[in-house]
Every structure is written in structure tokens, then in C-alpha cells.
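Here is what each chain is made of, one letter per residue.
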Amino acid sequence: MENQYAIEMLHITKKFPGIIANDDITIQLKKGEIHALLGENGAGKSTLMSVLFGLYQAEEGIIKKDGKEVQIKNPNDANALGIGMVHQHFKLVECFTVLDNIIMGVEPNKFGFLQKKEARAKVLELSEKYGLHIDPDAYIEDITVGMQQRTEILKMLYRENEVLIFDEPTAVLTPQEIEELMQIMKNLAAEGKSILFISHKLNEIKAVADRCSVLRKGKYIGTVDTKDATIEELSAMMVGHNVNLHVQKEESVPREVVLDIENMTVASKMHKNNAVKGVSLKVHRGEVVCIAGIDGNGQTEFVYGLTGLEPLVDGKITLCGEDITKAPIRKRLLSGMSHIPEDRHKHGLVLDYPLDYNCVLQRYFEPEFTDKFGFLRKKNIRDYADKLIEQYDVRSGQGAITIARSMSGGNQQKAIVAREIDKNPELLIAVQPTRGLDVGAIEYIHKQIIAQRDAGKGVLLVSLELEEVMDVSDRILVMYEGEIVGELNPKTTTEDELGLYMAGAKRDEVKA
Amino acid sequence: MIKKILKNEAFQSLFASLLCIILGVAIGYVVLLFINPTGAGEAIMEVLKNFMHYSKANLQLKNFGGTLVKTAPLIMCSLSILFAFKVGLFNIGAAGQYCVGICVSLYCALALGMGWVPCMLLAAVAGALYGAIVGLLKSYCNVNEVISGIMLNWIALYSTNMILTNVKEGTSPYTFHLSTDGPQAILPTMGLENLFAGNEKVTIALPLSILTAVLVLVVLEKTKFGFELKATGFNKNAAKYCGMAEKRNIIVTLMISGAIASLGASFLYLTDFEQWSCTSSAVPAMGFNGIAAAFLGGLNPIGTIFSSYFIQHITNGGAFVDKTMYCSQISDLISAIIIYLCGFVFFIKYMMNYVIDKNEERQALKAKAEAEAEAKTQEGGDK
């Protein structure tokens, strides 16, 4: 009988200092199927895929490709076996163009001279075929996270891999893009490619996957046919108890204005036009205002301008009645602004610092953490970090002294959220706060955001995820090409209507 | 137990540094063998023996003192490199800042007749300002600090030659002796010469440089200032996000780095141990040796004290190599080889960890196989 499995990972065990990331895990991927891998942060999904991709060596267990045992010692071995992967944190060369990144390592050449023309044609064809819109000549550092991911996917397609691993591919995509991606995945599977799809978005798994294997805290829980399982059952398998998928919240009671933005204009780093064009809005105490929109419509620059990371071309920002338009970043933070940044590795953390140092990254100079001679009070810092770890359930190998780099993405994010909320801000700016997190952590962070609102803080949420936008916010502002094109009430609007605004098909004249 | 020691960070640094030294000496020996096999063993021993070359205790002590005199500026140069490195900057301009230090301390001493304290302080200020140029270019014009540092090294060298021509002897290219023309600027010995058989060149420079090492350690590890600087070094964007003045931090770091290097220069030239040759056509090697010393010391300020001494020890030892068998450049060659190998500290540490991990893995697998085999035999017994 012909072997029906493209990839089999049998009894894989992988340990890290202080933690067993994978404990006797078995996954079998059928040919031409979309197999979802479901689990919370730190459940060991990424580790397992890294073992398959040759980034880590498992201590125990074997990997079979088409029924034959194989050794995968590095990503080159994996590539040779036709295994491709889109990583959660992209592996792109920032100062190269999209095209260069796609062909990197397999550059078509004649006598050592690059033949980029052929490559470009092939890339454009793939891009056309799968609707993965890219500009092949743009530099990676200049394009949005969404476009970077499309580049990663094209990289895999360009190499004609048979087994495709998607490590949380939808985390950064817009609803429309996610739908497109789902379609692409289905097409790929229909063409005989086998797909491993790592996610903790149950809707997507339900929509696209044939089967689903669940991991929990490094252990294998089981594999189910997705058509037979309900979302509730899947989430219970994942977290070990029942979770509430919808945010419970009271009616908001907006009070006085905490943030007033008038006519904000921010220049773009990518093109000569302004990325944010005369945005005006108000955030009141006791409400969650959400800026919705498709990635790359000026949200990032808007937040940079608001938090002081980029200067304004024009406009005025008032926080708690104080003009902070030209204030330095430290002044803004001290005036009651908290900022959960979009990119936790770039801005949120000093990855080579231990967790406790990261917890006081904005407060190290306060008397509690520095004495009057300028010496750090290390014991206080450690105690404070222990308190946050305990209170916000941040998990790491060695507690407060763990180097941030070695923590899982979800726990890194939890640490940032803990730090920003514990500052007791007047205004909380949360940019994609649940990007790449599992259901349990998302539920937790949403609760924290609502709690801040109920405590009379203003919350400005920037999100690309429709569900989050609809669930958490009290007021939705849609941003399209750097302008606010609509103000919607989440109770009366629908996801479809929101989608039309986000796509620029509909717009109102909005007054702040 | 042994495993624990092997995994200890400090032990690894020490072990790696020692291994580098041994490798460097071995390769140096091989090179000597190629040039002239008969004297190789003796020559390499001379390099390592340095002042032990002399049999009289008195002379030994005096020459030991001589090595220490040049160790002080090397400690300062390696601290300068280390400090900048911890903030993510590679201050190759330390050599030029060192040169500026020479220029200012000698000019203030010989032309302006200042005492040693103002000479030293002005040298430090000048070094800081010279470092600030690199910092300003880096933060505001995004010029790589290595490029601007190297350029400024040459500017510093020729400016020094030009300025010090005003205070040189008529017929030779050397500057005046401090002992005759500027005794007020000679660093005090505070009785240290008594420890080194009356070698008056051993001055407070040595304790001052060790004090600087301790200061650098404390600032980097214990203070708010160090917290900020290291955060900027690790992740400039995060530092900015947290409201740290990351541009100012880069400038301040290079200023401090420059001041340390420059002070190092005054530590040597204000002892009247050496004179400056106004026809020098190369930047003093001290600043570059500081790079090797910083790495050999495992990028630890206290470690640099020992690594600097070692590097100075073999550099001085090179002078004792038999010049009838080897040409006079051989001493520099051998010390250069050893210094070069010193840069491999981090590579060796990496290899150590790799070997330890592999071993552990193998042992774990073995233990598991044994346990399984045992379980199987027991099963068999049950049946």
C-alpha cells in the first residue's frame, strides 16, 4: 500500500533549559491535506516546526518523509526535502528588495551572472496567480509587515516546495487578505501540496483545515477532523478548560476628553506623500476607541506621531489638557501615556536584557528603582518584576532573570502588557496587542483593556483584526490611506459594512 | 559539580582567554622555528620571561616596573574600547583619541608649563571632545563610527606631530624631556618607586587606571546611567520608545570613551618614560592593542587589567629576543601573533558550550537507552 503521509513526526521530544518544549509528540501530515496545529503560546508549536525545519535537533523521536526516515540537520536539508516555512518572525534581509529576498539562495544565473529577468517574471506570475500583491523592487525595510509576509509566502512558492509550513500566517493580515490566503491554501492543497498550518484562531482552522492536532504545554492532546469538532470543543482541548470567546463588558460611560488630536499629519518614510493626512479625533475617559483599517493605511505612522517616535508635519496633540505636540517621548510617557507597540522586538523589549530589566524599561529612573546617587536598586527591580510575573502570569524558564530573547512570543507580549498597564496610565495606546497570541492570552488581554476602560482611562486600540475591533471597542474609526473615512458603532454595524469602509469603497465626512 | 564549573560564565571566559594565550604562544613558536630553528625555544622563553631575563632581583623589579608603566595606558585604552562596545559602538578611534591625549598633555606640560593635574584633566577634556566628533557624526549624520574613527586617527596623528614640533629638541625629532623642561608636570609616585627598586617611572598612573576599571564596572552594572547606555547599545529603537535620549547617549558614550583613552596617554607621557617623535608616521599601537586587551579580558573591566598586563608583558619581552639570530622586528611579530589569537576568546567560548551540550545530549541518550534495556530485561524476567 502506498504511504499516505507526506510527513510523519514520531515521538518528538525537545528540551530547553528549565522547560520541556515538546514531550513525546506525534504528528502525521497526509498528502494534500491542510493540517492545523493548534495550541496556546509556549505549547511547543513553533519548537516542533523548528525541529521539522532543521532549526533545532530533537533529543528523541524520528521524522519520516514519504514513509522514509530522514535526518534534518539544518534548513538546507529541509529545503532539499521540499519543506518550506513561513516563520512567525520573518527571516528577510531588510536592505534587500522583495525580489532579491525571494530568489536568495536559489538565484537563477548564467555563468555566475544573475538572471533577474526570469526570476522577476516567475515571481510576478506567482504573485498574480495567488493574488499576493507585492512590489518586487521595494526594500523590505520600507514595506509593511503584511507585505513582508507575502514575500515570505512567495519565497516558498518560488522554491516549489511540497510541504509548506505556515507559522501563524494570518496574524498580520487583514480580513480580506486572510480570506484570500485561505483560498490560496485550499488551492495549494488541491494541487497536492501538504500544508501544516499553525494557528490559534479557531475560526480559520475550522474554515480551512481538514484535520487538527492540538498541543498543550508541550504535550500532545489529540488529533480531530475539524468538520466533526465545534469551535468550543477545539478551544477546550487547547486550553484545558472552557473559555469565553466573546468579551463580556458593560455599556461604556464616556466622560471628559483625555486625548484630543487635531489635524495630525505625519510624513511617510516610503513615499513622498504624507502617510497620515490631517487626522482629528478625540478619546474620552471610559471608552475604547478603535482605529480599524487594512495594514499599511497609515496606522503605524499615526501611532509613531502620537507617541513621539516620529515628528509631526502638522497638527496638535493634547493629552489631559496639556499640549504635547512637541514634547519628547519621556515627557509623554510621564504625562500618562502608555504604549503597547506594534512590533515587540523592535520597540517593546530589549531582548538581551533579563525580564526584570525589561519590566522597568520606562521606570528605572524612578526613586523606587534608582537611589539618589544614581545606583540601581536591583532588589526592588527584581521584586517588582516578580510581582508583575505573578500578577499577569508571565511564564519564562528562569523567572525574572530570564533573558527576554529566550521567552515565547506570547509571554514577551504579556510582559509588555503587564508593564504598560501597571504604569497606571491615563491613556492606553494598544497597537495590535493580541498579535500572534492564543485564545487564552487574547481573552486575558481584552479583559485587561476593558478593565482599564472601566477604571476611567481612555483606550485607543489599533487593530487589524475585525473580531477584535467589533468585540472590544465602543467606537470604531476606520482609517483608509491616512484619513479617517468613517465612524461606526460596533453595535449597529456589521463586519461587511466595516470591510467596505476599510477597502475604501465607502466613506463619510467625519468630524472629530 | 565539574559540569557546573564548566558551564560557569566566568570560568569559561578565563579558560578561553588562557587557551588563546597558549595557542598564540604555540603558533609564535612555530613561526620562530621556521625562521631559525636553533634559537626558537630560547626566544619564545625570553618573550614570556620578559623582566625575568635579568638574574638580579633588583633589575627584575625595576623592569617589572617598566612593564607596569606601559600597562597603565593599555588598561585605559582597552577600557575605552570596552565601554563603547557595551553600548554597541566600536570605537576604533580610541587610537586617535589617545594621540590627542599625548598632544595636549605634552603641550600643556612643555609649552605652557602647567602642573600634572591640569595637564591630565585638559587631556581628558580634549579626548572627550575628539570622541564627541565621532558621536555627533554617528547620531546626526548616521556616519559609521569605524569610518569616522579611522579618519580622525590620522588627523590626530599629524596634528600632534605639527603641534608638538613647537616643543621638540632642535636636532632630533623627539620632544623635550619632562625631567628637564617640565618637571612640574611629572606624575607623583606616592612612594610607589620603593616597591620597584627605585623605578621612578612607576607613578599613580597605575592605581588610577585600576580605579578607572572599577569605576567602569560599577557604572555599567550598577547605575541608572549604565542601564540606559546598555539598553541603547542592545536596542536603539526600544531605547527611543522608552524615552531615553538615544542620540545623546551615543555622543556621551563616545565622549567618555575618548576621555578614558586620552587620560591613558597622559598616564604614559607624563611619566617621562617616552618622548614623542614628531616624525611619527603611524598612529600609536596602544589604541589598537586596547581592542585585543578588551577581548582577551572577556569584555570585563576587571579582566582587562590582567589582559592588558599580559599583552604589555609579552610586548616588552619581545625586546629580549636574541637579535643576532632574529631580525629586530621579530619581537613585534611574535607579540602580534599572540595578540591576534587573543581575539578568539569568544569563538573558543562558543566551541566550549557546543562541546558541553553535545556531551550532555549523548549522555542523556545513553542513560535512556540503558534504562530501556533494563526495563526490557526485567520484562523478560517477569515472563
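Residues numbered from 1 in each chain as written. Chains lettered and ligands numbered in written order. Predicted model: local features only at pLDDT ≥ 70, side-chain atom pairs only at ≥ 80, totals over all residues.

Details of the overall build of chain A
A tally of helices and strands in chain A yields 17 helices and 22 strands. Computed over C-alpha atoms, the radius of gyration of chain A comes to 23 Å, within 12% of the 24 Å expected from 2.2 N^0.38 for 512 residues, which places it in the range of a compact globule. Expressed along its principal axes, the backbone C-alpha trace of chain A runs to roughly 75 × 50 × 50 Å. Counting only residues that meet the buried cut, chain A has 48% of its 512 residues in that class. Taking contacts inside chain A between residues at least 6 apart in sequence as the whole, the part at least 24 apart equals 69%. (Helix = DSSP H or I, 4+ residues; strand = E, 2+ residues; numbered from the N terminus. Rg over C-alpha atoms; globule rule 2.2 N^0.38 Å. Buried ≥ 20, exposed ≤ 12 C-beta atoms within 10 Å, placed from the backbone. Contact = placed C-beta atoms within 7 Å.)

Thoughts on the nonpolar core
One recurring pattern in soluble globular proteins: nonpolar side chains tend to sit buried together. Within the largest apolar cluster, 150 residues are counted, with the highest numbers of intra-cluster contacts made by Leu52, Ile165, Phe197, Cys290, Ile429 and Val478 of chain A. With 6 residues, helix α15 (residues 439-454) of chain A is the single largest residue contributor to this core. The two domains that each donate at least three residues to this core are domain 1 (5-239) and domain 2 (257-336 + 425-502) of chain A. Sequence-distant contacts of Leu52 of chain A, that is, excluding residues within four places in its chain, are made with Ile7, Met9, Ile63, Ile72, Ile83 and Ile165 of chain A. Core analysis: the next-biggest nonpolar cluster, separate from the first, contains 99 residues, Met120, Phe196, Leu270 and Phe310 of chain B among them. (Core = buried A, V, L, I, M, F, W, Y, C linked by C-beta atoms within 7 Å. Domains from an automatic or database assignment.)

What about the environment of Ile44 of chain B?
Residues and elements named next belong to chain B. Along the chain, Ile44 falls in helix α3 (residues 40-49). Here Ile44 falls in the buried class, since 23 other C-beta atoms lie within 10 Å of it. For Ile44 and Asn91, which are 47 residues apart along the polypeptide, the C-alpha to C-alpha distance reads 32 Å. Not counting residues up to four positions away in its chain, the partners in contact with Ile44 are Val25, Gly28, Tyr29 and Leu32.

What to know about helix α14 (residues 409-422) of chain A
Working note: α-helix, 3.6 residues per turn, so residues spaced by three or four point in the same direction. Residues and elements named next belong to chain A. Its 14 residues give α14 an end-to-end C-alpha distance of 20 Å, which sits within 8% of 20 Å, the value for a rise of 1.5 Å per residue. Of all 14 residues in α14, 13 are buried, a share of seventy percent or more. In the stretch just after α14, Asn424 is the one whose phi turns positive, near 60°. (Expected span 1.5 Å × (residues − 1).)

Observations concerning the sheet that holds strand β14 (residues 274-284) of chain A
Residue and element names in this part refer to chain A. Pairing in this open sheet of 4 strands is antiparallel, and the strands run β14-β13-β16-β17 from one edge to the other. The open sheet is flanked by β14 and β17 (322-323), the only strands paired with a single partner. Sheet analysis places strand β16 (residues 314-319) next to β17, joined by 2 bridges and oriented antiparallel. Bridge pairing in β17 places Thr318 opposite Asp323. (Pairing = 2+ DSSP bridges.)

As for unusual backbone geometry
Residues and elements named next belong to chain A. Of note in the backbone geometry, His11 takes a positive phi value of approximately 50° without being a glycine. Topologically, His11 is positioned in strand β1 (residues 5-16). A positive phi angle is found at Asp24, which is not glycine, with a value near 55°. Within the element layout of this structure, Asp24 appears in strand β2 (residues 19-30).

So, the sheet that holds strand β22 (residues 483-488) of chain A
All names here are of chain A. The sheet built from 6 strands is open, its strands ordered β18-β19-β20-β15-β21-β22 with mixed pairing. Across the chains shown, the open sheet's two edge strands, defined by having one partner strand only, are β18 (337-340) and β22. Averaged over neighbouring strand pairs, the angle between their axes works out to 20° when direction is ignored. Strand direction decides the pairing type here: strand β21 (residues 475-480) and β22, joined by 5 bridges, are antiparallel. Looking at the pairing, Val478 lines up with Gly486 of β22. Relative to strand β19 (residues 427-431), helix α9 (residues 299-307) is tilted by about 150°, and along the sheet it contacts β15 (288-292), β18, β19, β20 (458-463) and β21. Each of β15, β19 and β20 is contacted by α15, which is oriented at about 150° to β20, the strand it contacts most. (Axes fitted to C-alpha atoms, helices over the stretch in contact; angles between N-to-C directions.)

Examining the confidence of the model for chain B
On average, residues of chain B score 86 in pLDDT, and 95% of them reach the 70 mark or higher. Scored as a complex, the prediction yields pTM 0.72 and ipTM 0.76. (pLDDT = per-residue confidence, 0-100.)

Some remarks on the pairing of β21 of chain A
If a strand is regular, its side chains alternate between the two faces of the sheet. All names here are of chain A. The buried count for β21 comes to 5 of 6 residues, which makes it a mostly enclosed element. Two elements, β15 and β21, share 4 bridges in a ladder whose sense is parallel. Its bridge partner lying in β21, Ile291 is registered against Leu477. Connecting the antiparallel pair β21 and β22 is a turn made up of 2 residues, with Glu481 showing a positive phi of about 45°.

Let's talk about the packing of helix α9 (residues 205-222) of chain B against helix α10 (residues 224-234) of chain B
Residues and elements named next belong to chain B. With their axes 5 Å apart at the nearest point, α9 and α10 run at an angle of 75° to one another. Looking at the two axes, α9 sits roughly perpendicular to α10. For the pair formed by α9 and α10, the contact residues are Val219, Leu220, Glu221 and Lys222 on the first element and Phe225, Gly226 and Lys230 on the second. (Parallel < 35°, antiparallel > 145°, perpendicular 65-115°, else oblique.)

Observations concerning the environment of Pro183 of chain B
Note on placement: Pro183 of chain B falls in the loop between α8 (178-181) and α9. Residues Pro183 of chain B and Phe346 of chain B lie 163 residues apart in sequence; the distance between their C-alpha atoms is 45 Å.

Details of the interface of chain A and chain B
Contacts between chain A and chain B engage 23 residues on the former and 16 residues on the latter. The set of elements that each furnish at least two residues to the side of chain A that touches chain B consists of α10 (329-334) and α11 (344-348) of chain A. Of the residues assigned to the side of chain A that touches chain B, the class counts are 14 nonpolar, 5 polar and 4 charged. (Nonpolar A, V, L, I, M, F, W, Y, C, P; charged D, E, K, R; others polar.)

Overview of helix α13 (residues 378-392) of chain A
Residue and element names in this part refer to chain A. Under the 1.5 Å per step criterion, the end-to-end length of α13 is 21 Å for 15 residues, consistent within 8% with the ideal 21 Å. Within α13, burial applies to Ile381, Tyr384, Ala385, Leu388 and Ile389. The buried residues of α13 all sit within an arc of 140° when viewed along its axis, so they share a single face. Residues of α13 that are exposed and point over 90 degrees away from its buried face: Lys379, Glu390 and Gln391. Against the buried residues of α13 lie α12 (355-359) and α14. At the exit of α13 stands Asp393, carrying a positive phi of roughly 55°. (Arc of directions from axis to C-beta.)

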